[in-house]
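For reference, the chains in residue letters:
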Amino acid sequence: MTEARGGHGHSAPGACSVLWDRAHAPAPGTAAQARFWVALEQPGPWGREAATQSHLDPDVGSGLDRLCAEHGGRLLLIRRPGAHADRRGSEGQRVYVAGGLTDRPWLLEADLDLPSQLGRLPWPALAAGDIDIVLDAVPELEEASDPVLLVCTNSRRDVCCAVRGRPVALAAAQARPGRVWECSHTGGHRFAPTGVLLPWGQTLARLDVDLAVEVLDAAERGELPAAALGPWHDRGRSVLEPPAQAVEAALREQLGELDLIALSTTAEPDPEDSTAWRCTVSHRDGRCWSVRVERLMGDHLPESCGKAPVATWSWRVGPASLV
């Protein structure tokens with residue numbers, strides 16, 4: 001396992017992400033679960049709970065956060081990398097809506113006059129990936145021309161995200177303007193800098209500037225770069241359960257499969273072992289594999305800066321058998 005190539009800020013020696021890096025803790029199977037993503041621009045500072053602790057109307061923020069969660073999705077706030085001035089002009093607030101993650105991911109965008117316009121989203125249809133119903137309900141939305149990368153920089157959740165994430169977001173945004181955003185908490189600050197690639201919901205760990213740019217360039221082809229494969233960077237796709245994330249990431253690396261939608265994975269608990277799952281991975285070329293995965297307890301490490309160490313866990317993925 002190789003470490004990231006640098007290009008982010010340096011956290012204190014005892015910071016959670018530094019300790020997890022030193023332990024070479026694997027990232028697969030740790031992506032936040034979401035069937036869809038709603039990313040809303042909100043400049044200015046964010047608190048620990050960004051949806052209600054920012055300059056966004058807290059009633060609007062809490063309502064959108066609740067509706068996303070109730071339908072299996074995730075709300076993020078985003079802002080442009082760099083100075084966090086709270087722009088109060090009339091240019092509107094950018095929003096991205098990503099859905100269809102189980103089959104054919106799609107990404108919509110708009111510049112909204114009022115964030116409350118997102119309340120018109122047809123939440124069941126969004127969860128089901130029905131792009132036509134979403135577009136009919138919110139006609140301000142249109143299909144985005146390019147994928148986007150969201151890099152967590154929410155310091156009030158964990159300082160590692162700001163110290164390590166902000167330099168990556170800024171430099172990558174300068175290299176690929178308009179396609180990189182800072183975002184609120186994505187989960188997993190112990191793997192900072194973390195990122196979410198939309199529309200696929202592919203979640204990444206330990207980003208550096210070079211890798212962030214490679215991810216965006218490969219995404220133009222609907223792929224991941226080879227450098228993002230493996231347990232150091234690949235946390236998994238958000239639409240999958242954690243054991244399925246781990247198995248799919250392992251098989252993707254084994255096959256050298258770069259296509260972001262080539263694989264689909266399901267997981268069922270092993271009736272004979274409460275710590276294991278049986279996963280089925282299907283390739284769109286017709287191949288299918290059966291894989292057993294176990295959840296293992298590991299060393300004690302802090303999951304967040306300033307918190308006491310807790311028992312960590314990881315996934316042990318067994319051999320893949322063609323079926």
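Summarised in this report is the structure supplied together with it. (Residues numbered from 1 in each chain as written. Predicted model: local features only at pLDDT ≥ 70, side-chain atom pairs only at ≥ 80, totals over all residues. Heavy atoms only, no water.)

**Quick notes on the pattern of salt bridges**
If the charged atoms of two oppositely charged side chains come close together, the side chains can form a pair. Tallied over the full model, the rule gives 21 salt bridges. Its salt-bridge partner being Glu 182, residue Arg 79 comes within 3.0 Å of it at the nearest N-O pair. Note that Arg 79 is positioned in strand β2 (residues 74–79) and Glu 182 in strand β7 (residues 180–183), a separation of 103 residues in sequence. Assigned by exposure class, Arg 79 and Glu 182 land together as buried. Of the charged contacts, one joins Asp 111 and Arg 94 as a salt bridge, the two residues approaching to 2.7 Å between their closest N and O atoms. Of this pair, Asp 111 sits in strand β4 (residues 106–112) while Arg 94 sits in strand β3 (residues 93–99), placing them 17 residues apart in sequence. (Salt bridge = Lys/Arg side-chain N within 4 Å of Asp/Glu carboxyl O. Helix = DSSP H or I, 4+ residues; strand = E, 2+ residues; numbered from the N terminus. Buried < 20%, exposed > 50% of the residue type's maximum accessible area, 1.4 Å probe, protein only.)

**Considering helix α6 (residues 209–219)**
Of all eleven residues making up α6, eight are buried, and the element is well covered by its neighbours. Looking only at α6, the buried set comprises Val 209, Leu 211, Ala 212, Val 213, Val 215, Leu 216, Ala 218 and Ala 219. Buried residues in α6 make contact with β6 (148–152), α5 (159–175), β7, β8 (195–198) and β9 (202–204). For α6, the N-terminal cap is Asp 208; the gap from its side-chain oxygen to the backbone nitrogen of Asp 210 is 3.2 Å. (Contact = heavy atoms within 4.5 Å. Polar contact = N/O pair within 3.5 Å; in protein donor to acceptor, adjacent residues only side chain to side chain.)

**Some points on the side chain of Arg 252**
Note that Arg 252 resides in helix α7 (residues 242–255). Residue classification places Arg 252 among the buried positions, given a relative accessible area of 1%. Within the structure, Arg 252 has its side chain in polar contact with the backbone oxygen of Asp 259 (distance 2.8 Å). For Arg 252, the residues in contact, after removing those within four places along its chain, are Leu 224, Leu 229, Asp 234, Glu 257, Leu 258, Asp 259, Leu 260 and Leu 263.

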